[in-house]
Amino acid sequence: STSTSTPTTTQADFGWFKDGVTVTALTGRTAMCVAGGMRSFPYPKIHKSILELKKKMNATVFVVMHETTSPGVEKFVQVPFKVDQTALKAALDLLEPVHIEIHNASTCQCFSTVEPTTTCCDDEWMSNYLQFGWVWHCLNVVRQYEQNQQVKFEFFVRVRPDVMYFAPDQLPSKEKLRNNGITLTMKWARNQPADW
């Protein structure tokens, strides 16, 4: 004989969802937000490593990226990072995201077009933290997708679009994540502050 059970639901407040959301426990669904500056994302080794993460987690992918600048020849001069559009399209086709947003810059002006009720500051020091705003926006996109598609995600993963993941097989299992909650790994950069 077989038995079925109804998943339990809990009320949660994730901070960015002020009104709280109902989370269906043990759905096993994973939402993967690829959020941040695209930089090296179009390079095959980078986006294929993200694809391996997607496969390992059986994730639904949401992309919220912005074009970036790179240091120029002169100190403190920023030049646009040129993206090969064909390579970018190939990378996105491979990941098969259900949502794609690519903004022309990571500025408060761009951010306010997608999150008009938030306060943002273009101050140089504060702009380093704008990346959290893009992650927040991606999670809001996931929330809207849940409502529109009548699905619930159990796991939420933010992935930087410009970092290669070397050992996706060493990620914590979903069972461990259910018990431990949040896992955070910061990108280390020599002689620079840690980056998320």
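Structure: above.
Residues numbered from 1 in each chain as written. Predicted model: local features only at pLDDT ≥ 70, side-chain atom pairs only at ≥ 80, totals over all residues. Heavy atoms only, no water.

Now for the overall build of the protein chain. Across its full length, the protein chain holds six helices and eight strands. Listing the helices and strands of the protein chain from first to last along the sequence gives β-β-β-α-β-β-β-α-β-α-α-α-β-α. Here the protein chain holds 196 residues, and 37% of them are scored as buried. Intrachain contacts of the protein chain at a sequence separation of at least 6 include 69% that bridge at least 24 residues. With the model as given, the accessible surface of the protein chain reaches about 12600 Å², and the carbon-plus-sulfur share is 53%. (Helix = DSSP H or I, 4+ residues; strand = E, 2+ residues; numbered from the N terminus. Buried < 20%, exposed > 50% of the residue type's maximum accessible area, 1.4 Å probe, protein only. Contact = heavy atoms within 4.5 Å. Areas by Shrake-Rupley, 256 points an atom, 1.4 Å probe, with all protein chains shown as cover.)

Right, let's talk about the packing of aromatic side chains for a bit. One pass over the structure, following the stated rule, counts six aromatic pairs. Plain terms: the ring middles of Phe62 and Phe153 are 6.0 Å apart, the flat faces sit at 85° to each other, and that makes the pair edge-to-face. Here Phe62, found in strand β4 (residues 59-66), pairs with Phe153, found in the loop between α5 (130-149) and β8 (155-159); they are 91 residues apart in sequence, far enough to count as distant. Phe62 gets classed as buried once you look at its relative accessible area, which sits at 0%. A relative accessible area of 2% places Phe153 in the buried class. Aromatic rings pair up to connect Phe62, Tyr145, Phe153 and Phe156 into one cluster. (Phe/Tyr/Trp six-rings, centres within 6.5 Å; stacked < 30°, edge-to-face > 60°.)

Summarising the element assignment, Glu154 is placed in the loop between α5 and β8. For Glu154, the side chain forms a polar contact with the main-chain nitrogen of Gly28, separated by 2.7 Å. (Polar contact = N/O pair within 3.5 Å; in protein donor to acceptor, adjacent residues only side chain to side chain.)

On to the pairing of strand β3 (residues 30-37), then. The element β3 is largely enclosed, with a buried count of eight among its eight residues. Bridge count for β3 against β4 is eight bridges, and the pairing is parallel. Among the inter-strand pairings, Val34 is bridged to a residue of β4, identified as Val63. Tracing the backbone out of β3, into helix α1 (residues 44-57) and back to the parallel element β4 gives a crossover that is right-handed. (Pairing = 2+ DSSP bridges. Right-handed = clockwise from strand over helix to strand, strands pointing away.)

As a further point, take the packing of α1 against helix α2 (residues 85-95). Put simply, α1 and α2 touch, their axes get as near as 10 Å, and they point 10° apart. Taken as axis vectors, α1 and α2 run roughly parallel relative to one another. For the pair formed by α1 and α2, the contact residues are His47, Lys48, Ile50, Leu51 and Lys54 on the first element and Ala91, Leu94 and Leu95 on the second. Grouping the amino acids of the contact of α1 with α2 by side-chain chemistry returns five nonpolar, one polar and two charged. (Axes fitted to C-alpha atoms, helices over the stretch in contact; angles between N-to-C directions. Parallel < 35°, antiparallel > 145°, perpendicular 65-115°, else oblique. Nonpolar A, V, L, I, M, F, W, Y, C, P; charged D, E, K, R; others polar.)

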